[in-house]
Amino acid sequence: QVQLVESGGGSVQAGGSLRLSCVASRYNYCMGWFRQAPGKERVGLASIDNDASANYADSVKGRFTISRDSAKNTIYLQMNSLKPEDTAMYYCAAGPSPIWTGGRAGCPIKEDVPNVYDYWGQGTQVTVSP
């Protein structure tokens, strides 16, 4: 089993910043960040693969940055220009291999998420006040 531990959540004012961390117990090819707001479905935010290739959801593009420290089996999510709509529980996820879709291998955040991410963290709460 792969253990994932998120940290870095908290309460901030709109326009502020937070940096989330996720430490995995071993190497994973795919790692990503997801969130779930009260009364809403879980959505993917960003993923990063073995070669540090990243993709982002439109809702966070230009504001959030995912990065990876392979030596520490750790990923980060730098969140800037936070909005009240960003309030949610944020989850880290990891999987052993990419999925081939559309002729390419990648780490998805919209489709085939259950087929890629086998392990999930406990979540860290982010609250953004107006």
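In this text the structure is predicted, and so the values were computed from the model without any measurement.

Rules and cut-offs
Residues numbered from 1 in each chain as written. Predicted model: local features only at pLDDT ≥ 70, side-chain atom pairs only at ≥ 80, totals over all residues. Heavy atoms only, no water. Helix = DSSP H or I, 4+ residues; strand = E, 2+ residues; numbered from the N terminus. Buried < 20%, exposed > 50% of the residue type's maximum accessible area, 1.4 Å probe, protein only. Pairing = 2+ DSSP bridges.

Draft legend 1. Up close: unusual backbone geometry. A positive phi is found at Ala52, a non-glycine position, where the angle reads about 65°. Among the secondary structure elements, Ala52 is positioned in the loop between strand E5 (43–48) and strand E6 (54–56). A positive phi is found at Ser81, a non-glycine position, where the angle reads about 50°. Mapped onto the elements, Ser81 comes out in the loop between strand E8 (74–79) and strand E9 (88–95).

Draft legend 2. Expanded view of the pairing of strand E7 (residues 64–69). Residues of E7 alternate between two faces, with Phe64, Ile66 and Arg68 buried on one and Thr65, Ser67 and Asp69 left unburied on the opposite face. Here E7 pairs with E8 via six bridges, running antiparallel. Directly across from Arg68, in E8, lies its bridge partner Ile75. In this structure, the hairpin formed by E7 and E8 is closed by a connection of four residues, where Asn73 is found at a positive phi of approximately 50°.

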